[in-house]
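Below are the chains, spelled out letter by letter.
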Amino acid sequence: MVWVFGGSCPRTGVVHFDAQLGRYVDEATRGALAEVTRLRNDVQASLGVVPNPAAAVVAIEKYLPHLLGLKQATAALPADICKHIVVAWNTAFSSQYCNSAVSIPSLNYELVMILFAYGISQRLLARDMSRQTGALDDETKSTLIANLLCKAAGVFNYISTLSLSSWTQGLKFAEVTTDLHLMLSSLCLLEAQEIAIRKGIARKTSPGVIAKLALGVVSKAKYCEQIVKSLAPPSTQEIRLQILGYYLSVIATVFKAQAYSHLSQSVKEQGKYGIAVSYLEGAQPTATEQQVMSDRRTKEFMPEVLTLAQSFLTTISKAYELEVKDNQTVYFEPVPNPGTLEIPDGITLVKPVAFVCPAPATIPFNLREPAACTLL
């Protein structure tokens, strides 16, 4: 099973840096700021109500050097001028600000949200490609999808290294927390590993290796789920993050079943039929896992994922019934308790592609003469 979680893209309103700073700078600087504004407005358009992730990736890559140049050029400006550089963003996960933008006079905020939009756009592009008929069975396309996810993981990793706490005092939404970006990086990697598992099975990789890769997905899914629960406890109204939590729980259930199924296959090849039955027994969903999959919100918000998961788990259940019957009629081996079985550590095959910020563009920045500046 391969599924790339979609989710929403952050949105932003039009910002006119040239208008915000126009009365404080000379004519040449206003022209440079107008160019930065134009590039940002291309980003804004690509992140509209119906986002175009491919266009957003291109637009952000063009805008980012100019944003860094503007950030560098304005670093030494007086606070009473900097306060006029205001940007507004709608969030992708924090329900409170999905429809009501957060406006902050900070280019640090702008940088974090632009990078966040860049990572999310790469994820959405990977999602769209993965749902094209036959894409996951095409070596070139599936590799491209995995690479997009690994690149997005690198972007989220980079955001997590920024000093968010130095300017986010009092801001309480997920997008400005380190935890969210660490979680998104791991989410990208677990989805890229799903593709690696699919390729491994097609290439007849040993079931023991496939099991370890699947357990690697389980480990990351549980790690992500814990972060989501800390950011969006059940008592809150953070429904978008809670939906992601349900998705992660389903993924953990499916890949645990896949891991145990391949461990069963591995020991069966060694003639250990009773242990093979026990592994398949351990692959069956627990009561808690079944409760999540039957929850109304799981059915309502992720029907396609649930259909795939239930189909896969039904296959595992039928295999278990068949193995039980074979052991009772042919092999007559004792079946140990699944809780006593040896479970190998999961492994992660995929790695994030490190994100490197581009060099800042040169932004000529000159304040007007004091006599001409209305502030003074």
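Just so you know, these numbers come straight off a predicted model, no measurement behind them.

Things to note about the overall build of the protein chain
For the protein chain, the count of helices and strands is 13 helices and three strands. Out of the 376 residues in the protein chain, the part that is buried amounts to 51%. Sequence-distant contacts in the protein chain: of pairs separated by 6 or more residues, those separated by 24 or more amount to 77%. Put simply, the protein chain shows about 17100 Å² of open surface, and 54% of that area lies on carbon and sulfur atoms. Taking the 33 positively charged and 31 negatively charged side chains of the protein chain as two groups, their mean positions are separated by 1 Å.

Notes on the sheet that holds strand 3 (residues 102-104)
Here three strands make up an open sheet; going across it, the order is 1-2-3 and the pairing antiparallel. Both edges of this open sheet fall to strand 1 (11-12) and strand 3, since each of them pairs with a single strand only. Of the strand pairs in this sheet, strand 1 and strand 2 (residues 87-90) are connected by two bridges, and their pairing is antiparallel. Along strand 2, the bridge assignment pairs Arg11 with Asn90. Strands strand 2 and strand 3 of the sheet are contacted by helix 5 (residues 107-130), whose axis makes an angle of about 35° with strand 2.

A few points about the packing of aromatic side chains
Following the criterion strictly, the structure yields seven aromatic pairs and no others. Consider the rings of Phe93 and Phe116, whose centres lie 6.4 Å apart with planes at 55°: the pair is tilted. You can see Phe93 sitting in the loop between strand 2 and strand 3 and its partner Phe116 sitting in helix 5, a full 23 residues away along the chain. The interplanar angle of 5° and the centroid separation of 3.6 Å between the aromatic rings of Tyr273 and Tyr331 together place this pair among those described as stacked. Separated by 58 residues along the polypeptide, Tyr273 in helix 10 (residues 273-282) and Tyr331 in helix 13 (residues 303-331) bring together distant segments of the chain.

Some words on the environment of Leu184
Here Leu184 shows up in helix 7 (residues 178-202). Classification of Leu184 as buried rests on a relative accessible area of 0%. With 44 residues separating them along the chain, Leu184 and Val228 place their C-alpha atoms 10.0 Å apart. Aside from chain neighbours lying at most four places away, what touches Leu184 is Phe93, Phe116, Ile120 and Phe156.

Points about unusual backbone geometry
The backbone of Lys204 shows a phi angle near 60°, a positive value even though the residue is not glycine. Position of Lys204 among the secondary structure elements: in the loop between helix 7 and helix 8 (207-231). Residue Phe332 is not a glycine yet carries a positive backbone phi of 55°. In this structure, Phe332 sits in the segment after helix 13.

Structural notes on the nonpolar core
Judged by nonpolar contacts, the single largest core of 121 residues is most densely connected at Phe17, Phe116 and Tyr247. At 16 residues, the largest contribution of residues to this core is made by helix 9 (residues 239-269). Once residues within four sequence positions are removed from consideration, Phe116 is found in contact with Pro10, Ala92, Phe93, Phe156, Ile159, Glu175, Leu180, His181 and Leu184.

Looking at the environment of Leu248
By the element assignment, Leu248 lies in helix 9. Contacts of Leu248, omitting those with residues within four sequence positions, involve Leu187, Leu190, Ala221, Cys224, Glu225 and Val228.

Examining helix 13
An ideal rise of 1.5 Å per residue puts 42 Å on 29 residues; helix 13 measures up with 40 Å between its terminal C-alpha atoms. Taken together, the buried positions of helix 13 are occupied by Val305, Leu306, Ala309, Leu313, Ile316, Glu323 and Asn327. Of the surrounding secondary structure, the elements contacted by the buried residues of helix 13 are helix 9, helix 10, helix 11 (287-294) and helix 12 (296-301). After helix 13 finishes, the residue Phe332 shows a positive phi value of roughly 55°.

Focus: the packing of helix 6 (residues 139-161) against helix 7
Running from N to C, helix 6 and helix 7 point in directions that differ by 160°, and their axes come no closer than 8 Å. The orientation of helix 6 with respect to helix 7, classified from their angle, is roughly antiparallel. Taken as a pair, helix 6 and helix 7 cross one another with a handedness that is left-handed. Classifying every residue of the contact of helix 6 with helix 7 by side-chain character gives 14 nonpolar, seven polar and three charged.

Rules of the game
- Residues numbered from 1 in each chain as written.
- Predicted model: local features only at pLDDT ≥ 70, side-chain atom pairs only at ≥ 80, totals over all residues.
- Heavy atoms only, no water.
- Helix = DSSP H or I, 4+ residues; strand = E, 2+ residues; numbered from the N terminus.
- Buried < 20%, exposed > 50% of the residue type's maximum accessible area, 1.4 Å probe, protein only.
- Contact = heavy atoms within 4.5 Å.
- Areas by Shrake-Rupley, 256 points an atom, 1.4 Å probe, with all protein chains shown as cover.
- Lys, Arg positive; Asp, Glu negative; His and termini not counted.
- Charge placed at Lys NZ, Arg CZ, Asp CG, Glu CD.
- Pairing = 2+ DSSP bridges.
- Axes fitted to C-alpha atoms, helices over the stretch in contact; angles between N-to-C directions.
- Phe/Tyr/Trp six-rings, centres within 6.5 Å; stacked < 30°, edge-to-face > 60°.
- Core = buried A, V, L, I, M, F, W, Y, C linked by side-chain atoms within 4.5 Å.
- Expected span 1.5 Å × (residues − 1).
- Parallel < 35°, antiparallel > 145°, perpendicular 65-115°, else oblique.
- Left-handed = near helix turned anticlockwise from the far one by under 90°.
- Nonpolar A, V, L, I, M, F, W, Y, C, P; charged D, E, K, R; others polar.

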